[in-house]
Amino acid sequence: KELNSRPDRGVLSRVATMSEARKKREREEDAVREEAIRGAKKALFGEWETDVPAVCAIDFGTARTGYAFAFTRRPDEIKANTPGGQEPGKTNTSLLLDQDGKFVEFGSKARDAYYEYDDKGGMLFETFKMRLDDKHGVAEPLAYALNGKSQPLLKVIVHSLKYVQEQAMQDINRSQDKALSAHEIKWVITGQLLVSPCLPSPPLAPSALPCCVEKVTLITLTCFSFCVCAVLPTVPAIWRGVAKGMMRKAAFDAGMISSEDSDRLSLCLEPEAACMACEDQRILEQGEQNAGIQQQLLKNGDRFMVLDCGGGTVDITVHHVEGTSPLKLTEICEASGGPWGSTFVDQEFEQFLKKLMGDDCWNDFKPSSAWVDVMKVWEDIKLGFNPADCQDDSAWKQRVNLSGLLGGGILGRRTLQECVDTYNNDFGGSLECKRDRIVLMPFVQMQEMFRKVIKKITYHVESLINGLSEQNTPVAYLYLVGGFAESKTLQARVKGSFEKDGLCVIIPMRQQLMVVKGAVLFGLSKGRIKKRRGAIYHGFDTTVLYNPSDPAHARRGSEIINDKTYVNATMFDCLVKQGDKVQALSTHTSGIRAPVFAHQKSVT
């Protein structure tokens, strides 16, 4: 009663009313902003996928792995997580199997659990995805653990995908009244180019066809004639045929899809996914800044390059914007790239350790859990090293904590100081050792760790940019994305080399999540990539009648079959050449062919 009679009660009431009014106004502004963002996204990406309840993308990288998903009823809300919630962003692509090949752990947890299994025959697999690009034609490629033991690569990938899939489904079903099964949703797996590093090149003569030839299965055989055609899907040739088949087989064995040819699984090119995510992020940033949703960065007629620098490979695509409502893109040249990812910087560091320790100690160190400790330290150093922070190059030195080498008798009876002294004498180094566990590495030596890899990247990008400029098709923007893009050294070099002559280098926030979020958008939207450049030759071998006036026939010789003279070797009939511009989902027909034998009812 006394409180109600106080003179300031009316003031408090007015303050409360004003507070409620402000909250209401803020809620209304948030609703308007969200609706504007939703409308801008729909204008950019067009019609959304509605045939499935959710889309989940897995960024299965050489060094790190993550996933993201969105429900088709709310396609503008993309949630990105790490398998097992182990850390922000993405977790390590590390798989731990016991001595019998049974699953133990995946991700950072696999590295941590290795402490208990390294002396029990446990197998820790890392960077095994690079084995998908096996150029030796092995029927069943193997993945090799740190201790030298091996397992079938397919088995290692299946264990990895199964773990990530199960974690993703738990996350998806956490907010569902009725649990969804993995077969009900649409899956997108991102992939690198995994082709031999080369610049886009003119078509090769059929007699000089390289391994970038993919033979198309003959589709129709009727009576005594048949028509050969190939449908080129919207999914690009991001892996060779064998690798794509292995990924589909692994996804099926992992329980993600009901059949190996299921349309619930798409393979998405990482740079294209990153491009879509960058435009999506720009819309979100404009909305959060209350700046109004302006036209996205890309405009009709723009040309841009996406430089996706991951753990194993660097992948590059160049596109032309044909439309923005919705976004329509055409490849200017075939995708390219090479094995220039951050793990090759790791290899430089490993070579340094090998010289520091000696071969005998290194052979004991690499299979041990101590290697995990040291590489954790190096990972932070690698991404954080920034040449711009070094004012005096001659005096600056990088602190590297090598206390992981001190346990388990790895260095034998030697101290770290003795190893440093030997290194300096043998290799003319200028390392310093502090407290017998810290090594101080000179600035020049740190830079050398990155030099070879970054030089390959910048040389390739420069060649592409110069070639496009000569064709009067210069690019306006360069997007730098991927886990390696978090490296301050790489960022500085790319900006310093290419941010000139009107080219703008864009480095989005949280670069390592751009690909996986963009892959969700790839799965949600329909047909944003309208035209592609053939990255390989598509065609088939056929037996043809001998023409003595054809030099190619004369070189191969002739043979007689059923009283007819044929070329004494199959001839490659090319449907699509490397570098050809191809409409998505287009059909390419070779023509009518006659079978060799009258009783023939099939072709191989």
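Our structure is the block above this text.
Being a predicted model, the structure only gives us computed values, none of them experimental.

(A) Quick peek at the sheet that holds strand 5 (residues 94-97). In space, the three strands of this open sheet follow the order 6-5-7, with antiparallel pairing throughout. For this open sheet the edge positions go to strand 6 (103-106) and strand 7 (123-126), each flanked by a neighbour on one side alone. Looking at each pair of strands side by side, their axes are set apart by 20° on average, direction ignored. Pairing analysis gives four bridges linking strand 5 to strand 7, with the strands arranged antiparallel.

(B) Local environment of the packing of aromatic side chains. Taken as a whole and assessed by the stated rule, the structure comprises 14 aromatic pairs. Their ring planes at 50° and their centres at 6.0 Å tell us that phenylalanine 385 and phenylalanine 443 sit as a pair that is tilted. A residue pair is termed long-range when its members are at least 10 positions apart, and phenylalanine 385 in the loop between helix 8 (369-384) and strand 17 (397-401) and phenylalanine 443 in helix 10 (residues 443-470) qualify at 58 residues. Residue class for phenylalanine 385 comes out buried when judged on its relative accessible area of 2%. Their ring planes at 40° and their centres at 5.1 Å tell us that tyrosine 423 and phenylalanine 427 sit as a pair that is tilted. Of this pair, tyrosine 423 and phenylalanine 427 both sit in helix 9 (residues 416-427), four residues apart, which is roughly one turn of the helix.

(C) Highlighting the sheet that holds strand 17. The three strands are arranged 17-19-18 in an open sheet whose pairing can be described as antiparallel. A single partner strand is all that each edge strand has here, and the edge strands are strand 17 and strand 18 (432-434). Averaged over neighbouring strand pairs, the angle between their axes works out to 30° when direction is ignored. Relative to strand 19 (residues 438-442), strand 18 is paired through three bridges, and the arrangement is antiparallel. When the bridges of strand 19 are listed, cysteine 433 appears paired with valine 439.

(D) Looking closely at the environment of lysine 488. Along the chain, lysine 488 turns up in helix 11 (residues 488-498). Between the C-alpha atoms of lysine 488 and glycine 384, which are 104 residues apart in sequence, the distance is 6.1 Å. When near neighbours in sequence (up to four residues on either side) are disregarded, lysine 488 contacts Leu383, Gly384, Phe385 and Asn386.

(E) Inspection of the packing of helix 6 (residues 343-357) against helix 10 at higher detail. Axis separation between helix 6 and helix 10 bottoms out at 8 Å; the angle between their running directions is 135°. Here helix 6 lies oblique to helix 10, going by the angle between them. In this structure, helix 6 meets helix 10 at a crossing whose hand is right-handed. Note on element contacts: helix 10 touches helix 6 through Gln445, Met449, Phe450, Lys452 and Val453, opposite Phe344, Val345, Glu348, Phe349 and Phe352.

(F) Examining the nonpolar core more closely. If you look at the biggest cluster of nonpolar residues, it comprises 68 residues, and the most contacted ones within it are Leu307, Phe349, Phe365, Leu402 and Leu478. Sorting elements by how many residues they give to this core places helix 10 first, with 11 residues. In this structure, phenylalanine 349 is in contact with Val374, Met375, Trp378, Val400, Leu402 and Met449, ignoring residues within four places of it in sequence.

(G) Here's a closer look at the packing of helix 6 against helix 8. Running from N to C, helix 6 and helix 8 cross one another at 125°; their axes reach a closest spacing of 11 Å. Relative to helix 8, helix 6 is oriented oblique. Note that helix 6 runs across helix 8; the crossing there is right-handed. Along its contact with helix 6, which presents Val345, Asp346, Phe349, Glu350 and Leu353, the element helix 8 presents Trp371, Val374, Met375, Trp378 and Lys382. Among the residues forming the contact of helix 6 with helix 8, the class breakdown is seven nonpolar, no polar and three charged.

(H) Highlighting unusual backbone geometry. A positive phi angle, close to 55°, is found at arginine 435, a residue other than glycine. Position of arginine 435 relative to the elements: it lies in the loop between strand 18 and strand 19. Residue classification places arginine 435 among the exposed residues on the basis of a relative accessible area of 60%. Residues other than glycine seldom take positive phi values, yet aspartate 436 does so here, at roughly 55°. Positionally, aspartate 436 belongs in the loop between strand 18 and strand 19. Overall, the relative accessible area of 28% leaves aspartate 436 in the partly exposed class.

Analysis parameters
- Residues numbered from 1 in each chain as written.
- Predicted model: local features only at pLDDT ≥ 70, side-chain atom pairs only at ≥ 80, totals over all residues.
- Heavy atoms only, no water.
- Pairing = 2+ DSSP bridges.
- Helix = DSSP H or I, 4+ residues; strand = E, 2+ residues; numbered from the N terminus.
- Axes fitted to C-alpha atoms, helices over the stretch in contact; angles between N-to-C directions.
- Phe/Tyr/Trp six-rings, centres within 6.5 Å; stacked < 30°, edge-to-face > 60°.
- Buried < 20%, exposed > 50% of the residue type's maximum accessible area, 1.4 Å probe, protein only.
- Contact = heavy atoms within 4.5 Å.
- Parallel < 35°, antiparallel > 145°, perpendicular 65-115°, else oblique.
- Left-handed = near helix turned anticlockwise from the far one by under 90°.
- Core = buried A, V, L, I, M, F, W, Y, C linked by side-chain atoms within 4.5 Å.
- Nonpolar A, V, L, I, M, F, W, Y, C, P; charged D, E, K, R; others polar.

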